Amino acid sequence: MATTYDFPSDLRAGQEELHQVRAELSALLKRLPWSVVPLDGFSDAGAWRKIERPASPGWTADEQAEVEKLRRRERELAIFVSTHRYWSELTGPDRVDARAKLKHAQETPPDSERDD
(Lines give C-alpha, C1' and ligand atoms only; values in the text may rest on other atoms or scores of the structure.)
Protein backbone atom coordinates (compact mmCIF):
# COMPACT_ATOMS: atom_id res chain seq x y z
CA MET A 1 0.00 0.00 0.00
CA ALA A 2 1.24 3.46 -0.84
CA THR A 3 2.28 5.72 1.99
CA THR A 4 0.01 8.67 2.62
CA TYR A 5 1.19 11.88 4.21
CA ASP A 6 -0.73 14.31 6.36
CA PHE A 7 0.49 17.55 4.81
CA PRO A 8 -0.18 20.71 6.83
CA SER A 9 -2.89 22.89 5.28
CA ASP A 10 -0.53 25.83 4.75
CA LEU A 11 1.90 23.59 2.84
CA ARG A 12 -0.90 22.19 0.66
CA ALA A 13 -2.20 25.72 0.02
CA GLY A 14 1.29 26.96 -0.87
CA GLN A 15 1.83 24.09 -3.32
CA GLU A 16 -1.60 24.65 -4.89
CA GLU A 17 -0.95 28.37 -5.33
CA LEU A 18 2.47 27.55 -6.81
CA HIS A 19 0.77 25.36 -9.43
CA GLN A 20 -1.70 28.16 -10.19
CA VAL A 21 0.99 30.84 -10.49
CA ARG A 22 3.11 28.64 -12.76
CA ALA A 23 0.11 27.92 -15.00
CA GLU A 24 -0.77 31.62 -15.17
CA LEU A 25 2.83 32.58 -15.98
CA SER A 26 3.09 29.91 -18.66
CA ALA A 27 -0.16 31.04 -20.29
CA LEU A 28 0.97 34.68 -20.20
CA LEU A 29 4.36 33.90 -21.76
CA LYS A 30 2.66 31.96 -24.57
CA ARG A 31 0.50 35.01 -25.37
CA LEU A 32 3.34 37.53 -25.37
CA PRO A 33 5.65 38.26 -28.31
CA TRP A 34 8.77 36.10 -28.45
CA SER A 35 11.10 39.00 -27.60
CA VAL A 36 10.88 41.38 -24.66
CA VAL A 37 12.34 44.22 -26.74
CA PRO A 38 11.29 45.10 -30.30
CA LEU A 39 13.27 43.03 -32.82
CA ASP A 40 13.10 42.37 -36.54
CA GLY A 41 11.96 38.99 -37.68
CA PHE A 42 14.45 36.49 -39.06
CA SER A 43 14.73 33.22 -40.91
CA ASP A 44 17.67 30.81 -40.84
CA ALA A 45 17.03 28.04 -43.34
CA GLY A 46 20.70 27.02 -43.33
CA ALA A 47 20.71 25.76 -39.77
CA TRP A 48 20.32 22.05 -38.98
CA ARG A 49 16.73 22.92 -38.13
CA LYS A 50 14.96 25.78 -39.88
CA ILE A 51 14.27 28.69 -37.52
CA GLU A 52 11.83 31.48 -38.28
CA ARG A 53 10.56 34.28 -36.09
CA PRO A 54 8.22 37.10 -37.08
CA ALA A 55 9.05 40.66 -36.09
CA SER A 56 8.42 41.27 -32.40
CA PRO A 57 6.89 44.49 -31.14
CA GLY A 58 8.33 43.72 -27.70
CA TRP A 59 6.50 43.73 -24.40
CA THR A 60 4.75 46.73 -22.92
CA ALA A 61 5.77 48.02 -19.51
CA ASP A 62 2.57 46.50 -18.07
CA GLU A 63 3.36 43.10 -19.59
CA GLN A 64 6.90 43.21 -18.22
CA ALA A 65 5.59 44.15 -14.78
CA GLU A 66 3.03 41.32 -14.84
CA VAL A 67 5.69 38.75 -15.78
CA GLU A 68 8.00 40.04 -13.05
CA LYS A 69 5.18 39.96 -10.48
CA LEU A 70 4.34 36.35 -11.33
CA ARG A 71 8.01 35.28 -11.34
CA ARG A 72 8.56 36.93 -7.96
CA ARG A 73 5.51 35.17 -6.49
CA GLU A 74 6.64 31.87 -8.02
CA ARG A 75 10.04 32.22 -6.30
CA GLU A 76 8.42 33.10 -2.97
CA LEU A 77 6.12 30.09 -3.12
CA ALA A 78 8.86 27.70 -4.26
CA ILE A 79 11.00 28.80 -1.32
CA PHE A 80 8.07 28.50 1.10
CA VAL A 81 7.19 24.99 -0.08
CA SER A 82 10.74 23.66 -0.28
CA THR A 83 11.83 25.01 3.12
CA HIS A 84 8.62 24.28 5.05
CA ARG A 85 9.21 22.92 8.56
CA TYR A 86 7.21 19.79 7.66
CA TRP A 87 10.14 18.39 5.66
CA SER A 88 12.30 18.17 8.81
CA GLU A 89 9.92 15.47 10.11
CA LEU A 90 10.88 13.16 7.25
CA THR A 91 14.18 11.64 6.18
CA GLY A 92 15.71 9.97 3.15
CA PRO A 93 13.35 8.20 0.75
CA ASP A 94 10.27 9.24 2.75
CA ARG A 95 11.09 12.91 2.21
CA VAL A 96 11.60 12.39 -1.52
CA ASP A 97 8.35 10.40 -1.80
CA ALA A 98 6.40 13.00 0.20
CA ARG A 99 7.73 15.88 -1.92
CA ALA A 100 6.64 14.05 -5.07
CA LYS A 101 3.18 13.31 -3.65
CA LEU A 102 2.68 16.91 -2.51
CA LYS A 103 2.86 18.02 -6.15
CA HIS A 104 -0.30 15.98 -6.79
CA ALA A 105 -1.99 16.56 -3.43
CA GLN A 106 -4.61 18.90 -4.94
CA GLU A 107 -5.81 15.98 -7.07
CA THR A 108 -6.86 14.05 -3.96
CA PRO A 109 -8.62 15.52 -0.91
CA PRO A 110 -6.93 15.30 2.51
CA ASP A 111 -7.84 12.26 4.66
CA SER A 112 -10.32 14.32 6.67
CA GLU A 113 -12.35 15.09 3.52
CA ARG A 114 -12.43 11.58 2.02
CA ASP A 115 -15.45 9.30 2.13
CA ASP A 116 -13.65 5.94 2.50
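Above this note sits the structure.
Novice: Please provide a residue-by-residue account of the nonpolar core, values included.
Specialist: Residues Tyr5, Phe7, Leu11, Val81, Tyr86, Trp87, Leu90, Ala98, Leu102 and Ala105 constitute the largest nonpolar core, which totals 10 residues. Beyond its immediate sequence surroundings of up to four residues, Tyr86 is in contact with Tyr5, Asp6, Phe7, Pro8 and Leu11. In terms of nonpolar packing, the next biggest core, distinct from the first, is built from nine residues, Leu28, Val67, Leu70 and Leu77 among them.

Novice: Go over the side chain of Ser35 with me, naming the residues and quoting the values.
Specialist: Counting through the fold element by element, Ser35 comes out in the loop between helix 1 (9-31) and strand 1 (42-44). Those residues in contact with Ser35 that lie beyond four places of it in its chain are Ser56, Gly58 and Trp59.

Novice: Which residues make up the packing of aromatic side chains, and what values go with them?
Specialist: Summed over all chains, the structure comprises five aromatic pairs. When the centroid spacing of 5.5 Å and the interplanar angle of 65° are considered together, the rings of Phe7 and Tyr86 count as edge-to-face. Highlighted residues: Phe7 in the segment before helix 1 and Tyr86 in the loop between helix 2 (61-82) and helix 3 (92-102), separated in sequence by 79 residues. Taking relative accessible area as the criterion, Phe7 reaches 9% and is therefore assigned buried. Counting every residue linked through ring pairs, the aromatic cluster contains Tyr5, Phe7, Tyr86 and Trp87.

What counts and how
- Counting of residues starts from 1 at the beginning of each chain's written sequence and follows it residue by residue.
- Residues qualify for local features only when their pLDDT is at least 70, as the model is predicted, and side-chain atom pairs are given and counted only at 80 or more; totals for whole chains, interfaces and linings, by contrast, use all residues.
- Remark: hydrogens and water are excluded; side-chain values derive from all non-hydrogen atoms of the structure.
- By nonpolar core is meant a set of buried Ala, Val, Leu, Ile, Met, Phe, Trp, Tyr and Cys residues that side-chain atoms within 4.5 Å join together.
- For every residue, the accessible area (1.4 Å probe, protein chains only) is compared with the maximum for its type, and the residue is labelled buried under 20%, exposed over 50%, or partly exposed between those bounds.
- It only takes one pair of heavy atoms within 4.5 Å for two residues to be counted as in contact.
- Only DSSP runs of H or I with at least four residues qualify as helices, and only runs of E with at least two residues qualify as strands; both kinds are numbered from the N terminus onward.
- Geometry of aromatic contacts follows a simple scheme: Phe, Tyr and Trp rings, the Trp one being its six-membered ring, pair when their centres are within 6.5 Å, and the pair is stacked under 30 degrees between planes, edge-to-face over 60, tilted otherwise.

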